[in-house]
Amino acid sequence: MVRDWSVTLEPCQALYDVFVRWNNVSGKIRDISLRYDRDWLKPDFAKRWMTIYELCCDADRETHTFQLAFTLPAIVYSSPENVGLAATMFAFAAIPEFRTIYSPTYNTYDLSFGIKPLEQDLCHHISSHTTFHKSPEASWSSYHDESPHDFNNRQQKHFRSECLREEKMAVSILLDCWPCDSVPAHALQCLSGSRYDKLTLSTALEKRYSNCYRNWCLKAYLDHVQKVLDEARRTFTPSVRQSYTFIPSNSDIISISTVVPTKHLFRKPPPVITLPPDPLKQIQVLGNRFSGSELDSSPLKDVISNFKFSRHQSDQFGLQYAAHLEDIDVLQHHHMTCNRSYNNAFRRLEEHLAPSDLVEESLSNSGQWPRITVTFLLGLLASTSKTPLCDSWKASLTNFARILLRLQRSQRLLKLKLADNGDNEEFLKELVNDGHLRLDGTQEYVDWLLIQAENRFLIRPTQASVAMEMISPSSGKNTALQLHMGEGKSSVIVPICCTALADGNSLVRVVVLKPLAVQMFQLLVERLSGLANRRIFHLPFSRSLRITSKIQSFFEECKNLRGILVALPDHILSFKMMAMERQLSHTNTEQPLVTPLLNSQRWLDMHTRDVLDESDELLHVRFQLVYTMGNQQHLKGYPDRWTTTQQVMTLVARHARLLHQEFPLGVEPHAHAIRKFPLRVLDVRAGERLVELVCNDILAGDLPNFAFGHVPLHMKDSIRKYLTLSTIDPQPLRDVQSYCAGSSLWNGLLLIRGLLAHGILIYTLKDRRYRVDYGLDPQRTMLAVPYRAKDVPSTRAEFGHPDIAVALTCLSYYYRGLTEKQVTLCFRQLLKQDNPALEYETWTKELSSDSLPDNLQHLSGINMESTEQFTDCLVPLFERNKAVVDFFLAQFVLPKEAKEFPHKLSCSAWDLAERKSSGLPTTGFSGTNDFRYLLPTTIVQHPLDHQRGTNARVLSHLLQQENNCYDLLAAGGGARELLNAIAKQSPEIRVLLDVGAQVLDLPNDGVAKMWLDINKDAQAAIYFNKHDELVVRTRDHIVEPFSASSFAQQADQCVLYLDDEHTRGTDVKLPRGFRAAVTLGSKVTKDRLVQGCMCMRKLGHGHSVMFFAPPEIDRSIRAVNNKQADEEIHVSDILVWAMTETCSDIQHRASQWLQHGVDYQSRHSAWSSFLSGNITPTELAHSWLQPEAKHLEELYAPALADTPTPQTLLNEDLLKRCSSLGLGISPDGHLDEEQEREVVHEIERESEVERPPPVLAAAHSIDEDVRCFIRTGSIPDGSRVFTAVFDTLTTTSAAFSGRQPWPRDVFASRDFVTTVLTEEKTDSYTRPVNWILSSTASGAPVLVIVSPFEVNTLLPDIRASKRVHLHAYTPRVLKMMKSCDDLRLYITPSIPARWRPDDTLIRQLNVFAGQLYFPHQRAYVKLCRLLGIHTADLKYQGVFEIQSDGFIKPEHRPRTVDSLNTFQQSPIPMLKALFGIRRKGMGYLPTHIGKLLNARWLTSEDFQETS
């Protein structure tokens, strides 16, 4: 029907009825076209019809035939009942009359309202909107003798009659004015406003009239359409449906296999096929324009010769044209010769394999004879072929394959010569390459011929020699080779090596980087899955994978089928550690897999043969795989571990402006980051100055977590050295340790030392770049994670150093700010705080009065229910507020995420290059070799003779004059400035290689779009998307895979952008003459730079580059080369700078390399012992287990003296390498503590909701001694029911070590103390203090804390008692709360007004209950006297020694303060633990108690608003 453009199916006969069934119909909508998509299988006609009508009316036969031919059958295929609608749609397109019928333009149609308002509906609407209470009848008065009932009836009767009269008048007017799209204004004027709710009635009628009028218009339109359809129905010719009948056969037929097996076919005698000599082998003849006598002359040569001699010497073009014709003549003749040889050889093969007798002819005529094709013949040569061939057939087919390769080569030579524009480099490369067959040992690899023939290339002798060395290293050991970039490492050498190595005896693994894994897998499939018939396997593996026993059969299948396994390094190492992990933590369900896993690893060790692609990157020292073991636990010293870091960052922000003034080029501010916060420190001197300023602030007491006001001056000097110097003299170190050891200040000093002296602060601000080296990955964790490249988070990697992870997490949120959802969480959590107003005050402190509206000056002005206020005011004000970000981190991020594990299993690059017990070597190669110094000692760098000049050759290409171009970028300019600078260059730049990761403000797709906007000549942009796929974006915004795009063959019409991750190993063929912009950045080593530049594969031979650098890199280049600001930068200067960066990077990572080597030796030694049977599997696993969690002293505390480390752990190779690198021998487990480790954590995360472990609750009981106390007011002698309150803490972490110094005047009942039945710590089950019994019956005042159960049970006895009183009590935890120290909140029975509780008892009660605020300064001073804590008023009592936490030892106390004190040692640790229990993890640092416990003096200002 569509093909003939004739309506041959019957359209709908009642289209309006169809619409009525749909009920709700949409108007015209966007995003619908006649192009086929899956939505047409089940279309929503009610929603689409009006748009379909317009589209079909606009369709014509020439343009839309194929669209309708796919779309209409799809509609009928899924729902055959829609055939009438499909025919109607086609009628709209095929019948021209429909183009003059326009559909209504309304958005929706609700056909439930009908097509006109009905009288009964109008009467119902009007009568339902009467209002009696406002009517005149409602104000009538009853007659004198009229009953209420009669009076009501009279009112209602008159009201109804009047309403009915008015209703009839209104309905008459409404019906008379139809059709109209709204209610006439005069229609409701006859209705009394006192009897009707006219506003509501008008709205209801308006809705009905509007919908009825829309439906009326729709009905008129459909009637018109139906009329045309009815007319078409009378004239159309219905299609005739043909019926098909099948008659089954009744005869019994026995199937006989008549297929001729291939092995029988090759029992025929083979033809003799010889390889004729190659006429192009005489290269010197070609150098003379092929004028020798080896080739036959032809009439064409005579014509060319005559034309050449007829040209005058000045006619250079004519002579060049004649010479070109001579070349073409020779190549064409060679091609014809090769083609003739190929056809002759194929014909002879066909003749020998053709049917030779009557039976074979019969089989051939019936289609049972094998079809003889080139693919069929060559496939028989594959090592995986099941067809046995005799030597004669193998020789004939092999020669046939070589003849085919020669023909393909002649075609390439002709194509290159015809496409050549004067540059013969590619032509000459192809010309001199006569293949690998002359190289000894390569003839046995027949699969190589198949790979070359199928993929139409010829292996060069250089590639073959590298492949032979990789297949069988001359050293017999693990070997890494270097091959010039662009020489076919991945595209040629890897496939041919794999086919040679995968011989059925070994499992060949190709180990690749993750960004190149997809590309390598596709390449191997393309190269090897055809004629070579090799299967390519891939097995992603991680700790989260649920494995079965079938995994061993997977490996064996790959080996036996001669397949190739593409693997990532973390897949290999993860499987190895899984075997160890199951030995350590296997459960009953995993028991059957424990031994098979270990056996599989042993099998892999015996049978695997690994090939490493980009070996220098795979074996990089930063790679480490970690299995964390044990239960998650908080970082040691939490929450001070992260709050201290946040406070140090606040000090950094304070000095940002000063630092920028002193070092304008040493600090790079970030416009979008937290106010005053620098993005990066660029200069070493600026970093040293920042450390000095921060240390000054800390010692001045500006760090809230720790106070130094009471520290003696001489001790401050020692502490300053301790905080800022990485190596410190023994005496200051002893002074600091003796002064602070054992106190909370000691851990604080260790952490600050780590930030300052160990360089963590400067490392995070200077050496790490946000969004390049680190950033956030919210889908995985809320902590900062390492980035593989710009905006590319590592899939599972985390930072190995806890304090670096915390610092980078803080910086990530400072730079990015909070999302609207996160700001919401902050405000909701703020309102749950004990003192939200105080916290909110810290939030607004940094805001200027102009930016903060008056209504938001105080917390009471915030309305969380107001979306407008939140979105328009609160989010813009606080999303980048550092105090709010710190609050969010401290409340939601770091407590949940900043955790560590007690143990770990780890593997590194050393395990990838280990020496296997089978003796099978591991071989790898790369284009660069600078990191050969940090290769594992188990693999050696072996330069081949013909590759020794690789580095020099690459550098010489870079040093050519066309690459000697350099430009300085403005700081913070972003992608647009860089692309605009590129657009101004001449010759034109069409490639951007972002090696230095300078394009941070746009994703790759955004860069491609912007570049197309700037460069109007380019038709498309090539780039990698977020899935590591090479794609093309065209000018009409279509994004498609590069391999499937037409632009894959039109690269000259494109621009190419490669982000820093993909400037290594990416191979895109670019036309000659292309020029690239190369960005420079921090940590760009020579290898990194060269790898990026060599993406231009013809560099030095038709491709060129230009360099762009930001200001800080420009200064670094000039500093290295001793160049002034006005001197030009040359490419040689850039290379010297890159070499300097390389040396720094190698030396920086050397200690980490050494630590990995020591760890590997330990693992390998244990594995060897296991293979020898000397240790059990469990002992093997335990020997691999390492401690993961480290105390602050292990991380940062310096040793008192330099103690030599025994060298027994180091083998000779390690010692030799350490000596060559100038590295001190100290493999002590701390070497990489300051390094970023690319750790792939395989963490089985626990639930984020941490709940106390379940324990059995204690049963409540009423002790008789409690009843006795209520009756008598005295505690019975010898009673064990009552316990001094501080003695009840013995089962908690707040237990006091040594003799209990607290007075025993406040007691607690047994029922109050006993909450659970457990032998563990009861911190989580301590009962709050709310009910107190007081008594003075025994002469001395006594307070007893009782449980709510006891109060509820004994309340009658308490009320009847005349000896005790019950007091309600709550500790003061908010500044605005009223103090309960007088115990008069609630008292029963009543107590005299002159009664006052004893101060000593109240102090003990307040401390035990967790009170945070003192009522006045006298209470603070008295408590300090009791505890032996120094206060500001004691500075006039003389000079005496004060401990780091403010405690004064008894021998140092002034006599005036020693009388009340019973504490011989500092109570601060115990009190911190107690208040930590009471606060349940909530912070209390700004409170009175918080300051006291952190050795900060309280002044009169702290008590101004406390009463």
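It should be emphasised that the depicted structure is a prediction, and the values quoted were computed from it without experimental measurement.

> I'm lost on a nonpolar patch on the surface in this one. Help?
On the surface, Tyr-36, Phe-66 and Phe-70 cluster together to form a nonpolar patch covering roughly 410 Å² of accessible area. Assignment of secondary structure puts Tyr-36 in the loop between β1 (24–26) and α2 (45–58). Judged by its relative accessible area of 45%, Tyr-36 is partly exposed.

> Would you mind going over the sheet that holds strand β12 (residues 774–777) with me for this structure?
Strands belonging to one sheet form pairs held by backbone hydrogen bonds; the direction of such a pair is parallel or antiparallel. One open sheet holds the three strands; their spatial order is β12-β13-β14, and the pairing between them is antiparallel. With one partner strand each, in any of the chains shown, β12 and β14 (792–793) form the two edges of the open sheet. Strand direction decides the pairing type here: β12 and strand β13 (residues 781–789), joined by four bridges, are antiparallel. Looking at β13, one finds that Tyr-774 is bridged to Pro-786.

> Just to check I follow, could you spell out unusual backbone geometry for this structure?
Excluding glycine, most residues fall at negative phi; most peptide bonds, likewise, are trans. Put simply, Ser-986 and Pro-987 share a cis peptide bond, and its omega is 0 degrees. Mapped onto the fold, Pro-987 is located in the loop between α38 (974–983) and β21 (991–993). The amide bond that connects Thr-1388 to the next residue, Pro-1389, takes the cis arrangement and shows omega of -10 degrees. Considering the arrangement of structural elements, one finds Pro-1389 in the loop between β37 (1387–1388) and α49 (1399–1409). Although it is not a glycine, Ala-997 sits at a positive phi angle of roughly 50 degrees. With respect to the secondary-structure elements, Ala-997 resides in the loop between β21 and α39 (1004–1014).

> Where do I start with the environment of Pro-1198 in this structure?
Residue placement: Pro-1198 occurs in the loop between α44 (1192–1196) and α45 (1212–1221). For the pair Pro-1198 and Leu-733, spaced 465 residues apart in sequence, the C-alpha to C-alpha distance is 8.2 Å. Excluding residues that lie within four positions of it along the chain, Pro-1198 makes contacts with Tyr-722, Ile-728, Leu-733 and Arg-753.

> Sorry, what's going on with the pairing of strand β34 (residues 1331–1335) here?
Among the five residues of β34, four are classified as buried, and the element is accordingly described as predominantly covered. Bridge count between β34 and strand β35 (residues 1342–1346): five bridges; the pairing is antiparallel. In the sheet register, Ser-1334 faces β35, and the bridge partner there is Leu-1343. Examined bridge by bridge, β34 and strand β36 (residues 1364–1368) share five bridges and lie antiparallel to one another. Within the sheet, the bridge partner assigned to Ser-1335 lies in β36 and is Val-1364.

> I tried to follow the pattern of salt bridges on my own but got confused; where do I start?
Pairs can form between side chains of opposite charge whenever their charged atoms are close. Evaluated as defined, the whole model comprises 50 salt bridges. Where Arg-165 meets Glu-162, a salt bridge forms, and the shortest distance between an N and an O atom there is 2.8 Å. Taken as a pair, Arg-165 and Glu-162 lie in helix α6 (residues 148–176) at a separation of three residues, close to a single helical turn. The partly exposed category is assigned to Arg-165, whose relative accessible area is 42%. A salt bridge links Arg-582 to Glu-581, with the shortest nitrogen-to-oxygen separation between them at 3.6 Å. We note that Arg-582, like Glu-581, is buried.

Calculation rules
Residues numbered from 1 in each chain as written. Predicted model: local features only at pLDDT ≥ 70, side-chain atom pairs only at ≥ 80, totals over all residues. Heavy atoms only, no water. Patch = residues over 30% accessible without salt bridge, like charges linked within 9 Å, V, L, I, M, F, W, Y side chains within 5 Å. Areas by Shrake-Rupley, 256 points an atom, 1.4 Å probe, with all protein chains shown as cover. Salt bridge = Lys/Arg side-chain N within 4 Å of Asp/Glu carboxyl O. Helix = DSSP H or I, 4+ residues; strand = E, 2+ residues; numbered from the N terminus. Buried < 20%, exposed > 50% of the residue type's maximum accessible area, 1.4 Å probe, protein only. Pairing = 2+ DSSP bridges. Contact = heavy atoms within 4.5 Å.

Purely geometric stuff here, so don't read any function into it on its own.
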